[in-house]
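Descriptive structure summary
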Amino acid sequence: MTKLSLDKILQSQGFGTRKYCRDLVEDGEVSINGEVIRSVKTSYETQGLQFHIFEEDWEFRERVYIVLNKPANFECSRKPSHHPGVLTLLPEQFSWRDVQPVGRLDHDTTGMLLMSDDGPFIHAQSSPKRHVPKVYQATTAEPVTEELVNLLLQGVKLHDEPAALAAVHCQKLDDNLLEIVLEQGKYHQVKRMLAAAGNHCAALQRTAIGKLTLESLGLEEGEWCYLTPEQLALLVPA
Ligand code: URA
């Protein structure tokens, strides 16, 4: 049980500095249960707290865990250089509370991108020791052959990697469509593995992380949702 004053609550949820949040309350911008609250003196139990601000309903969240269906031409980096950053697709409160992508997708890769402001979660989820499988669908420039699938399963040597990297699972879905499952997240890994195996990746989508599939979330490109505890549990390898 944690009780906090309303300005501290708003600050923790990414609405701005403590001073700005106090001003928001005193200006009558915040209501709880339909009642406008103009004093920051009362403390509220944070768990399950619902509040209304800027014409929107919000629920207090200690930490934020979301999935974005990333469109092409958005960068995952904190300081994007050639395209807008993925954070521009989310409410600005998430930037204020330091929500970040869990790992990175290339600017032209689409699909599932986890995001959170929970440092230990980000660290654990991106750790190669965790062996979280990530599922990709790659559109290939050249037809998918049995030889290509076998090479990717056996492992291919990439320029700056000491050991060959192999897919944990790989299957042809269509003439030019391949499903490939990786447990590492090396720089441009799918594209480089396909190139090393003599093909070329023309388009790439991440369709699942662990047992959580993009399809089950029903998100259009550019849409995001909070993850439920049940969905978060699906991210953990079996
Ligand atoms: N592999 C790539 O080559 N690019 C990505 O964005 C993800 C995996």
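Residues numbered from 1 in each chain as written. Predicted model: local features only at pLDDT ≥ 70, side-chain atom pairs only at ≥ 80, totals over all residues. Heavy atoms only, no water.

Here we look at the overall build of the protein chain
Tallying secondary structure elements over the protein chain gives eight helices and 15 strands in all. Seen through its C-alpha atoms, the protein chain measures out along the principal axes to roughly 70 × 35 × 30 Å. Expressed as a percentage of its 238 residues, the buried residues of the protein chain come to 43%. For the protein chain, long-range pairs separated by at least 24 residues make up 63% of all intrachain contacts whose partners lie at least 6 apart in sequence. Carbon and sulfur atoms provide 50% of the accessible area of the protein chain, an area that totals close to 12800 Å². Considering the protein chain, the positive charge centre built from 24 side chains and the negative charge centre built from 33 side chains are found 9 Å apart. (Helix = DSSP H or I, 4+ residues; strand = E, 2+ residues; numbered from the N terminus. Buried < 20%, exposed > 50% of the residue type's maximum accessible area, 1.4 Å probe, protein only. Contact = heavy atoms within 4.5 Å. Areas by Shrake-Rupley, 256 points an atom, 1.4 Å probe, with all protein chains shown as cover. Lys, Arg positive; Asp, Glu negative; His and termini not counted. Charge placed at Lys NZ, Arg CZ, Asp CG, Glu CD.)

What to know about the pairing of strand β6 (residues 56-59)
Both strand β5 (residues 50-53) and β6 contribute to a ladder of four bridges, which runs antiparallel. Paired with Phe51 across the bridge in β6 is Trp58. Here β5 folds back onto β6, and the loop between the two strands holds two residues, one of which, Phe54, carries a positive phi near 50°. (Pairing = 2+ DSSP bridges.)

Some thoughts on the site of the ligand
Taken together, Leu105, Asp106, Thr109, Tyr136, His188, Gln189, Val190, Lys191 and Leu204 make up the full set of residues near the ligand. Measuring from a nitrogen atom of the ligand, one finds a backbone N or O atom of Val190 at 3.1 Å. Its free accessible area being 230 Å², the ligand has 95% of it covered by the protein chains. Examining the composition of the shell around the ligand, we find that three residues originate from one element, helix α6 (residues 189-196), more than from any other. A class-by-class count of the residues in the shell around the ligand yields four nonpolar, three polar and two charged. (Near = heavy atom within 4 Å. Polar contact = N/O pair within 3.5 Å; in protein donor to acceptor, adjacent residues only side chain to side chain. Nonpolar A, V, L, I, M, F, W, Y, C, P; charged D, E, K, R; others polar.)

Details of the UniProt feature "domain: Pseudouridine synthase RsuA/RluA-like" (unreviewed entry) in the protein chain
UniProt records the feature "domain: Pseudouridine synthase RsuA/RluA-like" (unreviewed entry) for residues 65-196 in the present numbering. Across residues 65-196, the secondary structure splits into 23% helix and 26% strand, with the terminal C-alpha atoms separated by 35 Å. (UniProt positions renumbered as here; feature names shortened; annotations may be inferred.)

Focus: the side chain of Arg97
Of note, Arg97 is situated in the loop between α3 (92-96) and β8 (100-101). Look at Arg97 and you get buried, because its relative accessible area is 10%. Separated by 3.0 Å, the side chain of Arg97 and the backbone oxygen of Glu62 make a polar contact. Beyond its immediate chain neighbours, meaning those up to four positions away, Arg97 contacts Ser12, Gln13, Gly14, Arg61, Glu62, Arg63, Val64 and Asp117.

As for α6
Where α6 is concerned, the buried positions are Gln189, Val190, Lys191, Met193 and Leu194. Looking at the buried side of α6, the elements it contacts are β10 (134-140), α5 (146-154), β12 (177-182) and β13 (201-209).

Describing the pairing of strand β11 (residues 169-174)
As paired elements, β11 and β12 share five bridges and run antiparallel to each other. Looking at the pairing, Lys172 lines up with Leu178 of β12. The turn linking β11 back onto β12 is made up of two residues.

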